[in-house]
Amino acid sequence: MSRVAIVTGASRGIGRATAIRLARDFGAVVVVARSAEALAVTADAVRAVGAEPLVLARDLREPEAGEAVVRATLDRFGRIDALACIAGAVPQLDLFELTDEQWDDGLALKFHSARRLTIAAWEALKVSRGSVAITSGTSAYAPKASLAAVGTINAAILALAKAFADRGIKDGVQVNTILPGSVMTDRRRSMLQGYADAHALALDAATERFATEVGIARYGQPDDIANAIAFLFAPDSQWVTGAAMRIDGGETKVL
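Cut-offs used in this document
- Each chain has its residues counted from 1, following the order in which its sequence is written.
- For a predicted model such as this one, the threshold for reporting local features is a pLDDT of at least 70, and the threshold for listing and counting side-chain atom pairs is 80 or more; totals across whole chains, interfaces and linings nevertheless cover every residue.
- Note that the side-chain values use all heavy atoms of the structure and ignore hydrogens as well as water.
- Each helix is a run of DSSP H or I of at least 4 residues and each strand a run of E of at least 2, with the numbering of both proceeding from the N terminus.
- Polar contact is defined as a pair of N or O atoms within 3.5 Å, subject to the rule that within protein one atom must be able to donate a hydrogen and the other to accept it, and that residues adjacent in sequence are counted only when both atoms are side-chain atoms.
- For this analysis, residues touch if any pair of their heavy atoms sits within 4.5 Å.
- Nonpolar core, defined: a set of buried Ala, Val, Leu, Ile, Met, Phe, Trp, Tyr and Cys residues in which side-chain atoms within 4.5 Å join the residues together.
- Only protein chains enter the area calculation, which uses a 1.4 Å probe; residues under 20% of their type maximum are buried, those over 50% are exposed, and those in between are partly exposed.
- Multiplying 1.5 Å by the helix residue count minus one yields the expected span of that helix.
- What the arc describes is the spread of directions from the helix axis to the C-beta atoms.
- Each pair of aromatic rings taken from Phe, Tyr and Trp, with Trp reduced to its six-membered ring, is defined by centres within 6.5 Å and is described as stacked if the planes are under 30 degrees apart, edge-to-face if over 60, and tilted in the remaining cases.
- Only the stretch in contact is used when a helix axis is fitted, and all axes are lines through C-alpha atoms; the angle between N-to-C directions ranges over 0 to 180 degrees.
- Any angle between 65 and 115 degrees counts as roughly perpendicular, while under 35 counts as roughly parallel, over 145 as roughly antiparallel, and the rest as oblique.
- Residues are grouped as follows: nonpolar covers Ala, Val, Leu, Ile, Met, Phe, Trp, Tyr, Cys and Pro; charged covers Asp, Glu, Lys and Arg; every other residue, Gly included, is treated as polar.

Thoughts on the side chain of Ser136
Positionally, Ser136 belongs in the loop between strand S5 (131-135) and helix H5 (148-171). Within the local environment of Ser136, its side chain forms a polar contact with the backbone oxygen of Asn154, the two atoms lying 2.8 Å apart. For Ser136, the contacting residues outside a window of four places in its chain are Lys110, Asn154, Ala155, Ile157, Leu158, Thr177, Ile178, Leu179 and Pro180.

Listed below in structure tokens is the structure:
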């Protein structure tokens, strides 16, 4: 059986782009998100590239979802070679506005879903000497009060991935983190609309101004992140582990 990849958050944005990109390198791509209808669009694109898709419409906030995804993948394909944990919309709210429920929801979808899914897939990944990539974000390096949960949860994911990578050295599983910057997704457009409203600007003007303020020549595209994940999953990249790969067009001004 050819190699099998699982991609969460595959219904749109970076997740969809990653599933389509990995279809060039893997014989099968398992696409996971809540919307079966949106996943069907991704699956059609995966099939068009030449890989066999498996659609799993699951809410990864549910504690049992990780094991269910792994079980369905193994039942269908018998192996797991790569896991891209991309699902996770964290509330974009101020530190003093976030409720306990909103903190819990952000942690459940982005942090705990990646943790549970990686643990559930670990034995299969040990057999295949496979790879895991968990999406964090550059806000992990510069948490802001106005986006408290985003930066905090992204920072926690960096530590989580490092812990998995440490165990993976012994078990033969490669684990890395991807930190996207300002990538133009639906979520980024929503953020830019809020920025436009706050500064009394038209959306086009706000989009241009924000890019200038953060010091980037252009916004990232989902394919930029998908290509980086494909690089980490390539056989020639197996010695890259425990790394936090920042992909932000130079936006983050730290070493």
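What about the nonpolar core?
With 39 residues, the main nonpolar core has Val30, Ile134 and Val175 as its most contacted residues. Only strand S1 (4-8), strand S2 (28-33), strand S3 (52-57), helix H3 (65-77), strand S4 (82-85), helix H4 (100-128), S5 and H5 provide two or more residues apiece to this core. With nine residues, H5 is the largest single contributor of residues to this core. Look past the residues within four positions of Val175 in its chain and what remains in contact with it is Trp122, Val132, Ala161, Phe164, Ala165, Thr241, Gly242 and Ala243. Formed by 26 residues, the second largest nonpolar core is a distinct cluster that contains Ala84, Ala228, Ile229 and Ala230.

Let's talk about helix H7 (residues 203-214)
The terminal C-alpha atoms of H7, which comprises twelve residues, lie 17 Å apart, in line with the 16 Å expected from a rise of 1.5 Å per residue. Those residues of H7 that sit buried are Ala206, Thr207, Phe210, Ala211 and Val214. Buried residues of H7, seen end-on, are gathered within an arc of 130 degrees and therefore sit on one face of the element. Exposed residues lying more than 90 degrees from the buried face of H7 are Asp204, Glu208 and Thr212. Contact partners of the buried residues in H7: helix H6 (186-198). Gly215 lies just past H7 and shows a positive phi near 80 degrees.

Points about the packing of aromatic side chains
For the structure shown, the criterion picks out three aromatic pairs. Taking the centre distance of 6.3 Å and the plane angle of 80 degrees together, the rings of Phe26 and Phe233 count as edge-to-face. Here Phe26, found in the loop between helix H1 (13-22) and S2, pairs with Phe233, found in helix H8 (residues 222-233); they are 207 residues apart in sequence, far enough to count as distant. On the basis of relative accessible area, Phe233 is assigned to the buried category, the value being 2%.

Considerations on the packing of H6 against H7
Running from amino to carboxyl end, H6 crosses H7 at an angle of 100 degrees, the nearest separation of the two axes being 9 Å. By the criterion of interaxial angle, the relationship of H6 to H7 is roughly perpendicular. Residues Arg188, Met191, Leu192, Gln193, Tyr195 and Ala196 of H6 lie in contact with H7, whose contacting residues are Leu203, Ala206, Thr207, Arg209, Phe210 and Glu213. Within the contact of H6 with H7, the residues separate by chemical class into seven nonpolar, two polar and three charged.

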